[in-house]
Amino acid sequence: MVRNYRGRFAPSPTGPLHQGSLVAALASWLDARAHCGKWLIRIENIDPPREQRGAAAEQIALLARLGMTSDEPILYQSSRSAAYEAALQQLGAAGRTFRCNCTRRLLTSDPADALAGAYPGTCRSREVPPPAATRFLVRPGPVGFTDRACGWFAQNVEQTLGDFVVQRADGLWAYQLAVIVDDAFQAITDVVRGADLLDNTPRQMLLQQALGLPTPRYLHLPVVRDAAGRKLSKQTRARPLDGKNAVGELEQAWSHLGFEPTGAGSIEDFQQLAISAWRRRWCQSEAVRSESAALQARE
Ligand code: GLU
């Protein structure tokens, strides 16, 4: 068991929760409960133009209706600019950032660009006046980690993406920077989220390493797709949840997570049954490992 387990669900308030977001919420909640840990809600509202008024409050209310409430006061990323600014300063002082005013067109117009899609480093050694985006300077070499579900995952960020943006030209903070600053601030030990974010993790690890922050364990779970195979999202008009049939909605998310129906009659029953099943699937191997380590230590 992870000591002092701390997990989180970190929705962006761009619309109401749907089955896809509920799967991530439920998985992170179950993993925290299965580890007897803490579960936190963090509202990732760093992008006001994409935000929908009232969405955060609705998300929080729906989660509560489904039996999930934050164990600590909810953190709003809109209140965290000073921390992101401090991280940016630290990266700058370490020579890991530079200003960039390349437009998207300029970056993709060179067909001879062998790095197709990766930022070619155009502004690395240029004097660019503000306002401009700030990029993180990525060093060559792969970065990898062992995901609890997907196993070993490695990416050569320099070759596939290149230097990535940590603050946009309009001053808005990039998700990659904000998420790792807050995961560290909230002492998150375990991140459980959709597999659509798996290939964001190496970038987050590079930032953690550059800032001297710990890397949590990661568990990326398959995302929910619609009949056409598209990830459920507001863009694909995923049906918002209302929590009126709470157990039914939970059971549906539960089946997306690959489990047989619990057949529970109440939220409390569902939680109990789901926590033990989750523990058997996702915590057993850890328990076995730590038990055998304890046995070995005794011998
Ligand atoms: N805010 C992100 C989203 O809604 C998730 C961040 C995360 O779990 O790391 O897609």
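See the structure printed just above.
Okay, so let's go over this structure. Remember, it's a predicted structure, so these values are computed and weren't measured experimentally. (Residues numbered from 1 in each chain as written. Predicted model: local features only at pLDDT ≥ 70, side-chain atom pairs only at ≥ 80, totals over all residues. Heavy atoms only, no water.)

### Examining the sheet that holds strand S3 (residues 75-76)
Pairing within the open sheet is parallel, and its five strands lie in the order S3-S2-S1-S9-S10. Whereas interior strands pair on both sides, the edge strands pair on one side only; in this sheet they are S3 and strand S10 (217-221). Bridge count between strand S2 (residues 38-43) and S3: two bridges; the pairing is parallel. Residue pairing for S3: isoleucine 43 is matched across the bridge by tyrosine 76. Lying over the sheet, helix H1 (residues 19-34) contacts strand S1 (6-9), S2, strand S9 (190-194) and S10, oriented at roughly 150° with respect to S2. Across the sheet, helix H2 (residues 55-65) touches S1, S2 and S3, and the angle it forms with S2 is around 155°. (Pairing = 2+ DSSP bridges. Helix = DSSP H or I, 4+ residues; strand = E, 2+ residues; numbered from the N terminus. Contact = heavy atoms within 4.5 Å. Axes fitted to C-alpha atoms, helices over the stretch in contact; angles between N-to-C directions.)

### A word on the packing of helix H3 (residues 81-93) against helix H6 (residues 175-185)
Axis angle and axis distance: for two packed helices, these are the angle between their axes and the distance between the axes, and together they describe the pair. Packing of H3 against H6 brings their axes to within 10 Å, and their N-to-C directions diverge by 105°. With respect to H6, the element H3 is oriented roughly perpendicular. For the pair H3 and H6, contact is made by Ala83, Tyr84, Ala87 and Leu91 and by Leu177, Ala178, Val181 and Asp182, respectively. Looking at the contact of H3 with H6, its residues break down into seven nonpolar, no polar and one charged. (Parallel < 35°, antiparallel > 145°, perpendicular 65-115°, else oblique. Nonpolar A, V, L, I, M, F, W, Y, C, P; charged D, E, K, R; others polar.)

### Remarks on the pattern of salt bridges
Pairing between side chains of opposite charge can happen when the charged atoms of each approach one another. The final tally for this structure, using the stated rule, is 16 salt bridges. Note that aspartate 47 and arginine 50 form a salt bridge whose closest N and O atoms lie 3.9 Å from each other. Classification of arginine 50 as partly exposed rests on a relative accessible area of 46%. One salt bridge connects aspartate 170 with arginine 168, and the closest N-O pair in it is separated by 2.7 Å. Counted as one network, the salt bridges with shared partners bring together Arg8, Arg42, Glu44 and Asp183. (Salt bridge = Lys/Arg side-chain N within 4 Å of Asp/Glu carboxyl O. Buried < 20%, exposed > 50% of the residue type's maximum accessible area, 1.4 Å probe, protein only.)

### A closer look at the pairing of strand S6 (residues 143-147)
Burial of the side chains of S6 is restricted to one face: Val143, Phe145 and Asp147 are buried, whereas none of Gly144 and Thr146 on the reverse face is. Bridge analysis of S6 against strand S7 (residues 151-155) gives five bridges, and the strand direction is antiparallel. Among the inter-strand pairings, glycine 144 is bridged to a residue of S7, identified as alanine 154.

### So, helix H7 (residues 201-211)
Where burial is concerned, most of H7 is hidden: nine out of the 11 residues are buried. Along H7, the residues classified as buried are Thr201, Pro202, Arg203, Gln204, Met205, Leu206, Leu207, Gln208 and Leu211.

### Structural notes on the packing of aromatic side chains
We describe a pair of aromatic rings using the distance from one ring centre to the other and the angle between the two ring planes. Evaluation of the coordinates by the stated rule reveals nine aromatic pairs. Plain terms: the ring middles of tryptophan 254 and phenylalanine 270 are 5.9 Å apart, the flat faces sit at 85° to each other, and that makes the pair edge-to-face. With tryptophan 254 in helix H8 (residues 246-256) and phenylalanine 270 in helix H9 (residues 267-298), the pair connects residues that are 16 residues apart, well separated along the chain. Of the two residues examined, tryptophan 254 and phenylalanine 270, each falls in the buried class. Here the aromatic rings of tryptophan 278 and tryptophan 282 are separated by 6.0 Å at their centres, their planes lie at 40°, and the arrangement is tilted. (Phe/Tyr/Trp six-rings, centres within 6.5 Å; stacked < 30°, edge-to-face > 60°.)

### Concerning the environment of leucine 198
Considering the arrangement of structural elements, one finds leucine 198 in the loop between S9 and H7. Judged by relative accessible area, leucine 198 falls into the buried class, the value being 12%. Through-space distance from the C-alpha of leucine 198 to that of alanine 154 is 10.0 Å; in sequence the pair is 44 residues apart. Other than its neighbours up to four places away in sequence, leucine 198 contacts Phe145, Asp147, Cys150, Phe153 and His220.

### Focus on the site of the ligand
As a matter of local geometry, the ligand sits amid Arg8, Ala10, Ser12, Glu44, Tyr175, Val179, Arg193 and Leu197. At a separation of 2.8 Å, an oxygen atom of the ligand approaches a polar side-chain atom of arginine 8. Here tyrosine 175 contributes a side-chain N or O atom positioned 2.8 Å from an oxygen atom of the ligand. Burial of the ligand by the protein amounts to 76% of the accessible area it has alone, namely 300 Å². Residue composition of the shell around the ligand, by class: four nonpolar, one polar and three charged. (Near = heavy atom within 4 Å. Polar contact = N/O pair within 3.5 Å; in protein donor to acceptor, adjacent residues only side chain to side chain. Areas by Shrake-Rupley, 256 points an atom, 1.4 Å probe, with all protein chains shown as cover.)

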